[in-house]
Amino acid sequence: MTWETVIGLEIHAQLATASKIFSGASTKYGAAPNTQASLVDLGYPGVLPVLNGDAVRMAVKFGLATHCKIAQRSIFARKNYFYPDLPKGYQISQYELPIVHGGHVDVQLPDGSTRHVNIVRAHLEEDAGKSLHEDFAGMSGIDLNRAGTGLLEIVSAPDMRSAQEAGAYMRKIHALVRYLEICDGNLQEGSFRCDANVSVRRVGDTKLGTRTELKNLNSFRFVEKAIEIERDRQIELIEGGGKVTQETRLFDPDREETRPMRSKEEANDYRYFPDPDLLPIAVDDALIERVRATLPELPDAKRERFTNAYSLSAYDADVLTVDKRLADYFEAVVKATKAAPKIAANWVMGELTGALNRTNVDIDASRVSAATLAALLDKIEAGTISGKIAKEVFEAVWNGEGSVDAVIEKRGLVQISDTGAIDKLVAEVIAANAAQVEQFRAGKQQVLGFLVGQVMKMSKGKANPQQVNEALRKQLGA
Amino acid sequence: MHTRTLAQLSADLRARRVSATELTKHFLDRIARHDATLNAFITVTSEQALAAAAAADKRLGRGDATPLTGLPIAHKDIFCTAGVKTSCASKMLDNFVAPYDATIVERLQNAGVVMLGKTNMDEFAMGSSNETSFYGPVKNPWDHALVPGGSSGGSAAAVAARIAPAATGTDTGGSIRQPAALTGITGIKPTYGRVSRYGMIAFASSLDQAGVLTQTAEDAALLLEAMAGFDERDSTSLDDAVPNYSKLVNEPWERVTIGVPESFFDAGLEADNAKALRVALKELEKLGATLKPIELPHIHLSVPAYYVVAPAEASSNLSRFDGVRFGYRSAAKADDLLSFYMRNRGEGFGPEVKRRILTGAYVLSAGYFDAYYLQAQKVRKLVSDDFTRAFREVDFVAGPTTPAPAFGLGQKTGDPIQMYLNDIYTIGANLAGLPAMSLPCGVVRGLPVGLQLVAPPLHEAQLLKTGHYFQRVTDWHQRVPANYA
């Protein structure tokens, strides 16, 4: 029996507005608990919400980038439930009329194919605060700094068919919101969160199976892992004669399992109704056009352009365009260097990304600027240093030892291209390795590589490998 | 001095016939003398009042005073006042000191008004008799065995007994107009959105509107023009310029047509009350108004629609009172979160508030939402359309404010439906968001009754002017209960 997994995702993207969606309090992450909560965020008696216009513009921007329809009039509704980190006892959200609906994204999969994922809706709402259950000796702490931060909840159709597709879709949306600069995408800080609706059905069935909703998926890896685990659980259950119960389940990454949330936590009748404190959100054509004018080149278009203009592989273009800032860096290098775009791509994806990850530095704060990397690549191009030496130079520049020229100068790394000097080194190596020379002469071609290596070693890597090769062949009469 | 109107006192202050300090002391003395009986105040802010009066006297001396500078008034205890207990007459907020001023409090303060204290009311403004207050009922100054009406019962009693020259109030279904009628004073509920709701503790957000209770329409004009106007902190406040009401009420009379729904005079209205009303309408006719019978075909559905919409919104608005961040928290140790909420809310709220929260949660629940909440919203639209249609032909809709004069303390507390029917004539204006005013228009069994005028949106100036002209030719508003003259 073969099974098909059906997945839909609900992504919560925290909007990158300076202040909260209904109050003037700052949204900056990491402040001392309860220092960024105004009376509105605290749900004090008598206070009223006032909508942040930037949140509306960001939602419209997302809608435009995903081919959605933008509602001319949408309304806020109250979602009523009690929890200590929800100060008003209701969350202001959108229910019947969301600001954005009916769009799609095309997701590139590792096998080169594309999955068309429909976006059912994206709506504005406010985030809750945080409950801290540890560190308070049997009590719970409440931090309301996050309460009232604007969220865009992006709801996909159940269009994904595997954990990998779900992961790819999540990455796609992640890249998109960062391109649009409407969310910082920080998964560790919870700026970008995801719930997954998962069901299984027998291949060929058209009716959807009973779904479960997985919560607490705060990394790409967790999304994929949780879906796989849940898929296996559901298949095993059905094959064993059981039935899937529609419920909300928590993913536990430590125990690698999903388990039902207590029914109390989910058996809510939210008693939605239109929020009488807020007017309907009105979006006219003029606003849409103003927002449209601020749309950057989007990942799809950029990837397309990179493959065409720079002759990059689909894979390279993909990697380089996931993050707009990485793409911008790459283009800055390409513009400034004489080296081929492919070389620049390899360096950006290899040395640079490696160094950034290793040192946990953001690309905006890269210790090697695009101009510096371009200068380094030019040195290779000009034959001043070898590719191998260039990596050493890159490391040194990264570590703050000075400019490319200064490092090459200081460490004496200029490539040896002088024929006399190379001939001398070659002669020494031939004299010192009689046995290998004998083997080569007997027809064992691969020994040449060993001899080249010996010359390079003697030159401390500075000899021009091409010239060493030629000199060896010449002196060995090959 | 205490029987003088705000307008007169304003003139007295400017002419230095009296100082703000003398005036404030006079009213604080009257509160001290009478409020043990009336129970109109929850908090009397004597110290702050005298300090504000001293500041007002300086301002009057400097010559940068407004017409309101130095005038003492009382605020309904539903408006947040910085540093002063703001209880909403609930045990839930008995310990709550607001950290900020409501917009109207701030605006009146900026104009130089002196706050005497915070007035009693029905708990969270839910009630029509002021009997649901945690601080006990307010007595009607005309007869201490009777209720003053509600929910702004403390404000009404204070003004009627002349222990405050004027007071603010709020009106969700008649909470300014009904107590004004039952205590023989003037009360106006402006157009929804005319006055900011910021800092006014919400009962039913789509219906709540702040207004004033005064001796005269002219006084109401004076106060309202300082309170009204757009507030960026309230998204539902209207961004329209505020007319100069106090000047406009004295402009020449224009001919108006007054619509009178005959259904208002059916069996629900006490006969003598109806008689008084007919006489009052005759007075308006003598002034040059044309009376025209009209119909409001859906008005009889207002009360049921209101008692779905208002509790629905209230059930959500009152969720924030959970004992987590402020307000009442039970002394009993809770076993879990649910019992924590149940204790705090179960002990903090009174029975009428609980009744409305339960009703509201019920009508919003899955499976009942369409049948109740949506249906009520449709009725609300029908009622609103009735008025819109009427205002194509008439300038005002007139009728009684209440079915009868004030009733006895405890007389209706056992029967919520009878209590709710007290608002049968006033609720329509809230559902439609229209400005409405109650004017003292006669005496029935020795007790005052009110004439209600409802106007199209933002026609407060016309409403106040008509009230002012009516009060030029009648003296009902000048009558003071015997013990308080």
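Keep in mind the model is a prediction, meaning the values are calculated, not measured.

Conventions adopted
- Residues numbered from 1 in each chain as written.
- Chains lettered and ligands numbered in written order.
- Predicted model: local features only at pLDDT ≥ 70, side-chain atom pairs only at ≥ 80, totals over all residues.
- Heavy atoms only, no water.
- Helix = DSSP H or I, 4+ residues; strand = E, 2+ residues; numbered from the N terminus.
- Areas by Shrake-Rupley, 256 points an atom, 1.4 Å probe, with all protein chains shown as cover.
- Lys, Arg positive; Asp, Glu negative; His and termini not counted.
- Charge placed at Lys NZ, Arg CZ, Asp CG, Glu CD.
- Rg over C-alpha atoms; globule rule 2.2 N^0.38 Å.
- Contact = heavy atoms within 4.5 Å.
- Axes fitted to C-alpha atoms, helices over the stretch in contact; angles between N-to-C directions.
- Parallel < 35°, antiparallel > 145°, perpendicular 65-115°, else oblique.
- Nonpolar A, V, L, I, M, F, W, Y, C, P; charged D, E, K, R; others polar.
- Buried < 20%, exposed > 50% of the residue type's maximum accessible area, 1.4 Å probe, protein only.
- Salt bridge = Lys/Arg side-chain N within 4 Å of Asp/Glu carboxyl O.
- Polar contact = N/O pair within 3.5 Å; in protein donor to acceptor, adjacent residues only side chain to side chain.
- Buried area = accessible area lost by both parts, 1.4 Å probe.
- Pairing = 2+ DSSP bridges.
- Expected span 1.5 Å × (residues − 1).
- Core = buried A, V, L, I, M, F, W, Y, C linked by side-chain atoms within 4.5 Å.
- pLDDT = per-residue confidence, 0-100.
- Phe/Tyr/Trp six-rings, centres within 6.5 Å; stacked < 30°, edge-to-face > 60°.

1. What about the overall build of chain B?
- In terms of helices and strands, chain B carries 16 helices and eleven strands.
- When its C-alpha atoms are laid out on the principal axes, chain B stretches across 65 × 55 × 45 Å.
- When the accessible surface of chain B is summed, it comes to about 16200 Å², and 54% of that surface belongs to carbon and sulfur atoms.
- A gap of 2 Å separates the mean positions of the 48 positive and 49 negative side-chain charges of chain B.

2. Remarks on the overall build of chain A
- Regarding its fold elements, chain A presents 16 helices and 16 strands.
- Relative to a compact globule of 478 residues, whose C-alpha radius of gyration would be 23 Å, chain A shows 29 Å and is clearly more extended.
- Counted over contacts in chain A with a minimum sequence separation of 6, partners at least 24 positions apart contribute 68%.
- Roughly 22300 Å² of accessible area belongs to chain A as shown, and the carbon and sulfur atoms make up 51% of that amount.
- Within chain A, one finds 59 positive and 65 negative side-chain charges whose respective centroids are separated by 2 Å.

3. Some points on the packing of helix 9 (residues 271-287) of chain B against helix 16 (residues 460-473) of chain B
Residue and element names in this part refer to chain B.
- Where helix 9 meets helix 16, the axes come as close as 10 Å, and the angle between the chain directions of the two elements is 100°. One finds that helix 9 runs roughly perpendicular with respect to helix 16. Across the interface between the two elements, Ala280, Glu283, Leu284 and Leu287 of helix 9 pack against Thr466, Tyr469, Phe470 and Val473 of helix 16.
- Considering only residue class, the contact of helix 9 with helix 16 consists of six nonpolar, one polar and one charged.

4. Structural notes on the side chain of Asp208 of chain B
Residues and elements named next belong to chain B.
- For Asp208, the location among the structural elements is in the loop between strand 5 (186-189) and strand 6 (209-214).
- Within the buried core, Asp208 has no salt-bridge partner, and the shortest N-O distance to an opposite charge, that of Arg197, equals 5.0 Å.
- A polar contact is formed between the side chain of Asp208 and the backbone nitrogen of Phe203, at a distance of 2.9 Å.
- Those residues in contact with Asp208 that lie beyond four places of it in its chain are Asp171, Thr172, Tyr192, Arg197, Met200, Ala202 and Phe203.

5. Description of the interface of chain A and chain B
- Between chain A and chain B, the contact holds 29 residues from the first and 38 residues from the second.
- Regarding the contact of chain A and chain B, the summed buried area is about 2800 Å², with carbon and sulfur atoms giving 60% of it.
- The interface formed by chain A and chain B contains one salt bridge.
- Residue assignment for the side of chain A that touches chain B shows that the elements contributing at least two residues are strand 4 (77-80) and strand 15 (273-274) of chain A.
- Among the residues forming the side of chain A that touches chain B, the class breakdown is 20 nonpolar, four polar and five charged.

6. Regarding the sheet that holds strand 1 (residues 3-14) of chain A
Residues and elements named next belong to chain A.
- Reading across from one edge, 2-6-7-10-1-11-12-13-14 is the order of the nine strands in this open sheet, with mixed pairing throughout. Each of the sheet's edge strands pairs with one partner strand only, and the pair in question is strand 2 (69-70) and strand 14 (257-260).
- Of the strand pairs in this sheet, strand 12 (residues 212-217) and strand 13 (residues 247-252) are connected by four bridges, and their pairing is parallel. Residue pairing across strands places Thr212 opposite Glu247, the latter belonging to strand 13.

7. With respect to helix 11 (residues 337-348) of chain B
All names here are of chain B.
- A rise of 1.5 Å per residue sets the reference length of helix 11, with its twelve residues, at 16 Å; its end C-alpha atoms lie 16 Å apart and thus fit the reference within 8%.
- Taken together, the buried positions of helix 11 are Ser339, Phe340, Tyr341, Asn344, Arg345 and Gly348.
- On its buried face, helix 11 sits against helix 12 (351-364).

8. Topic: the nonpolar core
- The biggest cluster of nonpolar side chains holds 159 residues, and the ones touching the most others in it are Phe124, Phe321, Phe387, Val397, Leu451 and Leu464 of chain B.
- Considering every element that reaches this core, the biggest residue donor is helix 10 (residues 302-317) of chain B, with nine residues.
- Apart from the residues within four sequence positions on either side, Leu451 of chain B is in contact with Leu277, Leu281, Leu284, Ala398, Gly399, Thr401, Met437, Ser438, Leu439, Cys441 and Phe470 of chain B.
- Core analysis: the next-biggest nonpolar cluster, separate from the first, contains 63 residues, Ile11, Leu64, Val117 and Ala163 of chain A among them.

9. Here's the deal with the sheet that holds strand 4 of chain A
- With antiparallel pairing, three strands are arranged side by side in an open sheet as 5-4-15 (chain A). Pairing within the sheet leaves two strands with one partner each, and these edge strands are strand 5 (90-93) and strand 15 of chain A.
- Judged from the two bridges that link them, strand 4 of chain A and strand 15 of chain A form a sheet pairing that is antiparallel. Bridge pairing links Arg78 of chain A to Phe273 of chain A in strand 15 of chain A.
- On top of the sheet, helix 10 of chain B reaches strand 4, strand 5 and strand 15 of chain A; it is set at about 60° to strand 4 of chain A, its chief contact.

10. Points about the environment of Gly129 of chain A
Residues and elements named next belong to chain A.
- Among the secondary structure elements, Gly129 is positioned in the loop between strand 7 (114-126) and strand 8 (130-132).
- On a C-alpha basis, the gap between Gly129 and Gln164 in space is 31 Å, while along the polypeptide they are 35 residues apart.
- Non-local contacts of Gly129, meaning those with residues more than four positions away in its chain, are made with Asp85, Asp143, Leu144, Arg146 and Ala147.

11. Describing the pairing of strand 14 of chain A
Residue and element names in this part refer to chain A.
- Sheet topology places strand 13 next to strand 14; four bridges connect them, and they run antiparallel. What sits directly across from Leu250, in strand 14, is Arg259.
- Hairpin remark: strand 13 followed by strand 14, antiparallel, with four residues in the connecting loop; positive phi at Glu256, about 50°.

12. Notes on helix 1 (residues 53-65) of chain A
All names here are of chain A.
- Compared with the 18 Å implied by 1.5 Å per residue over 13 residues, the 19 Å span of helix 1 between its first and last C-alpha is a close match.
- Of all 13 residues that make up helix 1, ten are buried, and the element is covered over most of its length.
- Listed in full, the buried residues belonging to helix 1 are Ala55, Val56, Met58, Ala59, Val60, Lys61, Phe62, Gly63, Leu64 and Ala65.
- Following helix 1 by one or two positions, His67 adopts a phi angle in the positive range, close to 60°.

13. Overview of unusual backbone geometry
Residues and elements named next belong to chain B.
- Cis geometry marks the peptide bond from Gly150 to Ser151; its omega dihedral reads 10°.
- Turning to its location among the elements, Ser151 is positioned in the loop between strand 3 (114-119) and helix 5 (153-160).
- Within the chain, Asn39 stands out as a residue other than glycine whose phi angle is a positive 60°.
- As for its placement among the helices and strands, Asn39 is situated in the loop between helix 2 (20-38) and strand 1 (41-44).

14. Description of the environment of Glu181 of chain A
Residue and element names in this part refer to chain A.
- Along the chain, Glu181 turns up in the loop between helix 2 (163-179) and strand 11 (192-202).
- The exposure class assigned to Glu181 is exposed, which follows from its relative accessible area of 57%.
- Sequence separation between Glu181 and Met58 is 123 residues; the distance between their C-alpha atoms is 8.4 Å.

15. Points about the pairing of strand 6 of chain B
All names here are of chain B.
- Counting buried positions along strand 6 yields six of six residues, so the element is predominantly enclosed.
- Because side chains alternate across strand 6, one face comprises the buried residues Gln209, Gly211 and Leu213, and the other comprises Ala210, Val212 and Thr214, equally buried.
- Where strand 4 (residues 166-171) lies against strand 6, six bridges are found, and the strand directions are antiparallel. In the sheet register, Ala166 faces strand 6, and the bridge partner there is Thr214.
- Summarising the sheet, strand 5 and strand 6 pair through three bridges and their orientation is antiparallel. Within strand 6, the residue paired with Thr186 across the bridge is Thr214.

16. Topic: the confidence of the model for chain B
- Looking at chain B as a whole, its pLDDT mean stands at 97, while 100% of the residues score no less than 70.
- For this predicted complex, the interface confidence comes out at an ipTM of 0.96, alongside a pTM of 0.90.

17. So, the packing of helix 1 of chain A against helix 5 (residues 285-292) of chain A
Residue and element names in this part refer to chain A.
- One can describe the packing of helix 1 onto helix 5 by two numbers: an axis separation of 9 Å at closest approach and a directional angle of 70°. For the element pair helix 1 / helix 5, the angle class is roughly perpendicular. Across the interface between the two elements, Val56, Arg57, Val60, Lys61 and Leu64 of helix 1 pack against Leu287, Ile288, Val291 and Arg292 of helix 5.
- Tallied by class, the residues present in the contact of helix 1 with helix 5 amount to six nonpolar, no polar and three charged.

18. Here we look at the packing of aromatic side chains
- The tally for this structure, following the rule as stated, stands at 31 aromatic pairs over all chains.
- Judged by centre distance (5.8 Å) and plane angle (50°), the ring pair of Tyr44 of chain A and Phe96 of chain B falls under tilted. Of this pair, Tyr44 of chain A sits in the loop between strand 1 and helix 1 while Phe96 of chain B sits in the loop between strand 2 (72-76) and helix 4 (103-110), which puts the two residues in different chains. One exposure class covers both Tyr44 of chain A and Phe96 of chain B, and it is buried.
- Between Tyr310 of chain A and Phe330 of chain A the ring centres are 5.4 Å apart and the planes differ by 85°, which places this aromatic pair in the edge-to-face class. Remark: Phe330 of chain A occurs in helix 8 (residues 324-336) and Tyr310 of chain A occurs in the loop between helix 6 (299-309) and helix 7 (314-321); sequence separation between them is 20 residues.
- Taken together, Tyr44 of chain A together with Phe96, Phe124, Phe321, Phe326 and Phe349 of chain B form an aromatic cluster joined through their ring pairs.

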